[in-house]
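Observations on the three-dimensional arrangement
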Amino acid sequence: MSDENKLSAEIRTEFGKGFARRLRAAGKIPAVVYGHGSDVRHVALPAHETGLIVRYANAIITLDIDGEQQIVFVKDVQRDPVRSIIEHIDLVTIKRGEKIEVEVPLLTEGETFSGTYMTMSANTIRVLVDALTIPEHITVDVEGLEDGAQLYAKDVTLPKGAELLDDPELHLISVTANATSDEEDEAAESAEAVAENAAE
């Protein structure tokens, strides 16, 4: 994603669970900003706007901290397991032209050969990419793949400039004959035969 996401961050000087609860009640999310050897900065982010941004993996945000523009990568989002509200966010500072390690979701495109089904053994792939051009997903073409086909990390076409960090032999996709479809076809043929015999 690009750095089009912009948020105003407030420096916070109070800490602790009690303060964090009051902060969230006021519509804000506690966060920390760190990286590149700089001091850790504790900030508060607007909850609604931040929630919309971090719905997407590997979000990049341009923070305005007391008038200073800081580009950050959303490293970790901690959520309440019951209410699913965001409790805390870790942000890592990045620089233009810097490459970072990320896990990018995999999406399939196309249909496998008739009578087969596809199984994915991995939903993401780990790559090294420019921090400001992280792809939202990487597409894997499965059009026409037949029974027995196997795809590995080495088979994926990566975006320009991206480098594969996972093992090239990491298994991603299997294509298998759909036994259920065959059984259904046989059952249909048997039913037709019975119907024809009954008609005779």
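Going by the structure above, here's the rest.
Residues numbered from 1 in each chain as written. Predicted model: local features only at pLDDT ≥ 70, side-chain atom pairs only at ≥ 80, totals over all residues. Heavy atoms only, no water.

Regarding unusual backbone geometry
The backbone phi angle of Asn58 is positive, close to 60°, even though this residue is not glycine. Among the secondary structure elements, Asn58 is positioned in the loop between helix H2 (47-53) and strand E4 (60-65). In this structure Asn58 comes out as buried when scored by relative accessible area, which is 11%. For Ser84, which is not glycine, the phi dihedral falls at a positive 65°. Considering the arrangement of structural elements, one finds Ser84 in the loop between strand E5 (68-79) and strand E6 (86-93). (Helix = DSSP H or I, 4+ residues; strand = E, 2+ residues; numbered from the N terminus. Buried < 20%, exposed > 50% of the residue type's maximum accessible area, 1.4 Å probe, protein only.)

Thoughts on the side chain of Asp166
Tracing the backbone through its elements, the reader meets Asp166 in the loop between strand E12 (163-164) and strand E13 (171-177). Among the polar contacts listed, one links the side chain of Asp166 to the backbone nitrogen of Arg126, at a separation of 2.7 Å. Discounting residues that sit within four places of it in the chain, Asp166 has contacts with Ile125 and Arg126. (Polar contact = N/O pair within 3.5 Å; in protein donor to acceptor, adjacent residues only side chain to side chain. Contact = heavy atoms within 4.5 Å.)

Observations regarding the sheet that holds E12
Hydrogen bonding along the main chain pairs the strands of a sheet, whether they run parallel or antiparallel. Sheet architecture is open: four strands sit in the order E10-E7-E9-E12, paired in mixed fashion. The strands lining the two open edges of the sheet, one partner per strand, are strand E10 (138-141) and E12. When strand E7 (residues 99-109) meets strand E9 (residues 124-130), the two strands line up antiparallel, connected through seven bridges. Across the sheet, the residue bridging to Lys99 is Asp130, located in E9. (Pairing = 2+ DSSP bridges.)

Just distances and angles here, no functional claims.
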